[in-house]
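Structure assessment
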Amino acid sequence: MLNIVIFGAPGSGKGTQSKLIAEKYQLVHLSTGDMLRAEIAKGTEIGKKVDALISNGNYAPDNLIVSMIEQEIDAHKKNCNGFIFDGFPRTVAQAKALDELLEKHGKKLTVMIDLHVEEKLLIDRLLKRGLTSGRADDNLEVIKKRLEVHKQKSLPVLDFYKKSGRYASVQNSSTIEQNFEQIVHLIEFSICGF
Ligand code: AP5
Ligand code: MG
């Protein structure tokens with residue numbers, strides 16, 4: 001079983017690369033951002049709770065996110081080769097909770113991959129996507145807030161994985177295909193050591 005975390009700032013390519021990795025390795029792709037947007041679109045209680053937070057570039061509460069992930073793991077655990085976690089964990093509390101959830105099922109995280117992209121390129125990508133995405137958070141003001149929140153709340157997650165020897169990083173600024181090739185190398189290295 002392969003369990004991979006794809007970590008990175010807004011616009012770093014988490015969703016794009018997670019989709020390709022999920023296809024190649026037949027993994028279940030869990031994007032907490034997609035899950036939250038689906039709740040908002042359906043107008044559920046969760047959606048109402050997080051709508052304003054997301055639209056303003058703030059994070060949803062840890063306990064809500066962890067319980068959503070727990071439900072998805074339970075729903076898919078019997079028939080899957082593993083999971084790719086996209087945009088989760090984003091806080092140290094979430095990272096600890098993920099370890100506990102996997103441990104409960106006798107599983108471990110294979111690797112956490114940090115997608116590194118310069119800030120200017122992140123902003124350019126998100127502004128471009130904002131022209132067609134319909135996402136309430138793809139405008140300059142909220143993009144800047146998302147980048148700030150990422151620095152404050154999510155960068156400590158990197159240390160958590162570095163300390164436990166599960167950290168890997170790639171420069172994710174080339175073409176999608178070239179980036180994917182590098183990520184596949186990292187995954188193969190994590191699986192078999194060469
Ligand atoms: P989420 O949906 O995860 O948004 P994000 O982290 O801001 O990242 P994005 O989805 O915008 O970008 P991405 O890294 O997936 O890049 P993509 O592949 O799309 O979260 C949204 C919100 O939900 C958060 O702000 C928070 O409020 C809440 N939330 C989510 N998870 C949470 C959690 N765990 N805890 C608390 N709150 C949570 O690429 C971006 C663009 O660039 C695309 O147009 C793509 O086509 C393009 N692109 C990608 N790669 C390349 C490339 N190599 N070359 C050229 N273009 C590229
Ligand atoms: Mg995404």
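Analysis parameters
- Residues numbered from 1 in each chain as written.
- Chains lettered and ligands numbered in written order.
- Predicted model: local features only at pLDDT ≥ 70, side-chain atom pairs only at ≥ 80, totals over all residues.
- Heavy atoms only, no water.
- Near = heavy atom within 4 Å.
- Polar contact = N/O pair within 3.5 Å; in protein donor to acceptor, adjacent residues only side chain to side chain.
- 1 Å grid on protein atoms, 1.4 Å probe; cavity = no way out; pocket = protein on both sides within 12 Å on 5 of 7 lines; lining within 4 Å.
- Sits in = over half its atoms within 2 Å of the grid points.
- Helix = DSSP H or I, 4+ residues; strand = E, 2+ residues; numbered from the N terminus.
- Buried < 20%, exposed > 50% of the residue type's maximum accessible area, 1.4 Å probe, protein only.
- Expected span 1.5 Å × (residues − 1).
- Bend = angle between axes of the 7 residues up to and from the residue.
- Contact = heavy atoms within 4.5 Å.
- Salt bridge = Lys/Arg side-chain N within 4 Å of Asp/Glu carboxyl O.

Every one of the 31 residues lining ligand 1 counts as a neighbour, but Thr16, Asn58, Arg90, Arg129 and Arg146 are closest to it. With respect to ligand 1, the side chain of glutamine 94 contributes an N or O atom lying 2.9 Å from a nitrogen atom. In this structure, a nitrogen atom belonging to ligand 1 sits 3.5 Å away from a side-chain N or O atom of arginine 125. The pocket occupied by ligand 1, as judged from atoms lying within 2 Å of grid points, is the largest pocket. Going through the elements one at a time, α1 (14-25), α2 (32-42), α6 (119-133) and α8 (176-192) are the ones with two or more residues in the shell around ligand 1.

In this chain, phenylalanine 88 is followed by proline 89 through a cis amide linkage whose omega measures 0 degrees. Here proline 89 lies in the loop between β3 (82-86) and α5 (92-104). Positioned with a positive phi, glutamine 26 is a non-glycine residue whose angle comes to about 55 degrees. Along the chain, glutamine 26 turns up in the loop between α1 and β2 (28-31). Taking the relative accessible area as the measure of exposure, glutamine 26 reaches 53% and is therefore exposed.

Take aspartate 159: it is sitting in helix α7 (residues 140-163). When the C-alpha atoms of aspartate 159 and valine 92 are compared, they prove to be 9.1 Å apart, with 67 residues separating the residues in sequence.

Moving on to α7. Because an α-helix packs 3.6 residues into every turn, residues spaced three or four apart end up facing the same way. Between its first and last C-alpha atoms α7 spans 34 Å; for 24 residues at 1.5 Å apiece the expected length is 34 Å, and the two agree. Most pronounced at lysine 151, the bend in α7 amounts to some 40 degrees. Among the residues of α7, those classed as buried are Val142, Ile143, Arg146, Leu147, Val149, His150, Ser154, Val157, Leu158, Phe160 and Tyr161. In this fold, the buried residues of α7 make contact with β1 (2-8), α3 (45-55), α5, β4 (111-116), α6 and β5 (167-171). Following α7 by one or two positions, glycine 165 has its phi on the positive side, about 70 degrees.

A few words now on the pattern of salt bridges. Two side chains bearing opposite charge may form a pair once their charged atoms approach each other closely. With the rule as written, the count across this model stands at 12 salt bridges. Glutamate 45 serves as the salt-bridge partner of lysine 48, at 3.6 Å between the closest nitrogen and oxygen. Taken together, the positions of lysine 48 and glutamate 45, both in helix α3 and three residues apart, correspond to about one turn of that helix. What makes lysine 48 exposed here is its relative accessible area of 56%. Judged by relative accessible area, glutamate 45 falls into the exposed class, the value being 60%. Among the salt bridges present, the one from arginine 129 reaches aspartate 138, with a minimum N-O distance of 2.9 Å. Overall, arginine 129 belongs to the partly exposed group, its relative accessible area being 33%. Using a relative accessible area of 7% as the deciding quantity, one classes aspartate 138 as buried. Several salt bridges share partner residues, and in doing so they unite Arg129, Arg135, Asp137, Asp138 and Arg146 into one network.

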